[in-house]
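One letter stands for each residue in the lines below.
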Amino acid sequence: MSKYSFTRIAHPSPKTAEERATLMANPGFGKVFSDHMVTIKWTTEKGWHDAEVRPREPFQIDPAASVLHYAQEIFEGMKAYRMADGSIGSFRPEENARRFNESAARMAMPEIPQDMFMEAIEALVHTDADWIPEGDGSFYLRPFMFASEAFLGVRPANEYIFCVIGSTVGAYFKGGYKTVSVWISQDYTRAAPGGTGAAKCGGNYAASLIATAEAFKNGCDQVVFLDAVERKWIDELGGMNVFFVMDDKTIITPPLGTILPGITRDSIIQIAREAGYTVKETPYSFDEWKEDAESGKLREAFACGTAAVIAGIGTVKYPGGTFAIGNSGDGEVTSDLRSRLTGIQRGTQKDNHGWMRTL
Ligand SMILES: *Cc1c(COP(=O)(O)O)cnc(C)c1O
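Residues numbered from 1 in each chain as written. Predicted model: local features only at pLDDT ≥ 70, side-chain atom pairs only at ≥ 80, totals over all residues. Heavy atoms only, no water.

Colleague: Teacher, can you tell me more about empty space enclosed by the protein here?
Modeller: The gaps of empty space that remain are located by a probe, the size of a water molecule, rolled over the atoms. Under the criterion given, the structure shown has 1 cavity of 30 Å³ or more. In this model, the largest cavity occupies a volume close to 120 Å³. Forming the boundary of the largest cavity are G77, M78, K79, Y81, F91, N96, I263, T264, G305, T306, V309 and Q345. Breaking the lining of the largest cavity down by element, the ones donating at least two residues are β6 (78-82) and α6 (263-274). At 3 residues, β6 tops the list of elements feeding residues into the lining of the largest cavity. Among the residues forming the lining of the largest cavity, the class breakdown is 5 nonpolar, 6 polar and 1 charged. Mapping the lining of the largest cavity onto the domain boundaries places at least three of its residues in each of domain 1 (7-169) and domain 2 (180-346). (1 Å grid on protein atoms, 1.4 Å probe; cavity = no way out; pocket = protein on both sides within 12 Å on 5 of 7 lines; lining within 4 Å. Points joined across faces, edges and corners; volume = space filled by probe spheres on them. Helix = DSSP H or I, 4+ residues; strand = E, 2+ residues; numbered from the N terminus. Nonpolar A, V, L, I, M, F, W, Y, C, P; charged D, E, K, R; others polar. Domains from an automatic or database assignment.)

What follows is the structure, given as structure tokens:
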């Protein structure tokens, strides 16, 4: 039952079935977009209004739009899956809605009613259902909001646009699963206490890209950030949370605070505890990581997030050297947790938590 009404403007020139099939055959990540988008406007006077499902096309925004100058922007990342029975499933989408509003509050932006967020997602998914692949791939949804008011003064804007776009994505590890290598950033941090580390905002990414570029230059796939105060404790990767597995199968993950509260992170903690593992949300330093990896006390490490789900970390590189994690291959606990989590998401394992939603 929909509570909000979305004006529907069909795409005048959607991709043909043939064009779509070609694009969906090898989509990669974030490059193949569906035909429509959802937009909803917000102004101080009118609140949320003008909800539309319309052709995906460039925005016309004023060159003075606040987002272009002061980066008032937040986003979410979530997936819709084609389930075995043909229905469209999504994993804990209400958690994305809740986190979106927490990000909005931190960035002095208006909150969106949770049911309006959900209806926007559903409207796009149903309109562009042909873009949801079968098999290993999924439909990546990107809800976001930005300050559209034309005003160069510095204060929270009075006008915003909420938008949802969708992208067909392939299996994250195409050509087979492999572990990733990470670079420890020594010169740059991602988030300080009191800052925006726990908000999913574009600005966090803007500040992290130089460290990502440094990681690439050093032959690594991803960057790991240390805390901004002592430059000692592991925070997270540029866009994924991190877990460590000890020889007694105790699992450690950094506590919430300056890190982004990942929904994958939260789900893994719950699944691991139910599977009998001890999980500690406790600070873990880079020095301990190196020492424990070298002594064999640490057996596995992995990164997690919606896009990759769980990616094992094989090698760690830092300005003074390199060390390997376990045998640099897929760890036993890592692969156990991955199959439990992806099993729930794909509908092949029992969903005891009621995490899956039919869109
Ligand atoms: C989105 C994100 C994550 C992962 O969150 P999920 O809800 O698991 O997808 C982790 N770190 C950062 C910085 C992120 O932006």
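Colleague: Explain the domain arrangement of the protein chain to me, please; I cannot follow it from the model alone.
Modeller: Many authors give the size of an interface as the accessible area that is lost as the parts come together. For the protein chain, the assigned domains are domain 1 (7-169) and domain 2 (180-346). At the junction of the two partners, domain 1 supplies 23 residues and domain 2 supplies 22 residues. Summed over both sides, the interface between domain 1 and domain 2 buries roughly 1,900 Å², with carbon and sulfur atoms accounting for 57% of that surface. Of all residues in domain 1, F75, F91 and R99 give up the largest surface area on contact with domain 2, accounting jointly for 32% of the area buried on that side. Here D266 and R92 are joined by a salt bridge, their closest N and O atoms 2.9 Å apart. For the pair domain 1 and domain 2, the number of links is 13 residue pairs in polar contact (both at pLDDT 80 or more). (Contact = heavy atoms within 4.5 Å. Buried area = accessible area lost by both parts, 1.4 Å probe. Salt bridge = Lys/Arg side-chain N within 4 Å of Asp/Glu carboxyl O. Polar contact = N/O pair within 3.5 Å; in protein donor to acceptor, adjacent residues only side chain to side chain.)

Colleague: Hey, could you run me through the pattern of salt bridges in this one?
Modeller: Pairing between side chains of opposite charge can happen when their charged atoms approach one another. Tallying each qualifying case throughout the model produces 17 salt bridges. Where K3 meets D115, a salt bridge forms, and the shortest distance between an N and an O atom there is 2.7 Å. Here D115 lies in helix α4 (residues 114-127) and K3 lies in the segment before β1 (7-8), a separation of 112 residues in the sequence. A residue is classified by how much of its surface remains accessible, and D115, at 28% relative accessible area, is partly exposed. Across the salt bridge formed by D130 and R20, the nearest N and O atoms sit 3.5 Å from each other. Of the two residues, D130 is situated in the loop between α4 and β8 (138-147) and R20 in helix α1 (residues 17-25); the sequence distance between them amounts to 110 residues. One network of salt bridges, with partners in common, ties together E52, R54 and E57. (Buried < 20%, exposed > 50% of the residue type's maximum accessible area, 1.4 Å probe, protein only.)

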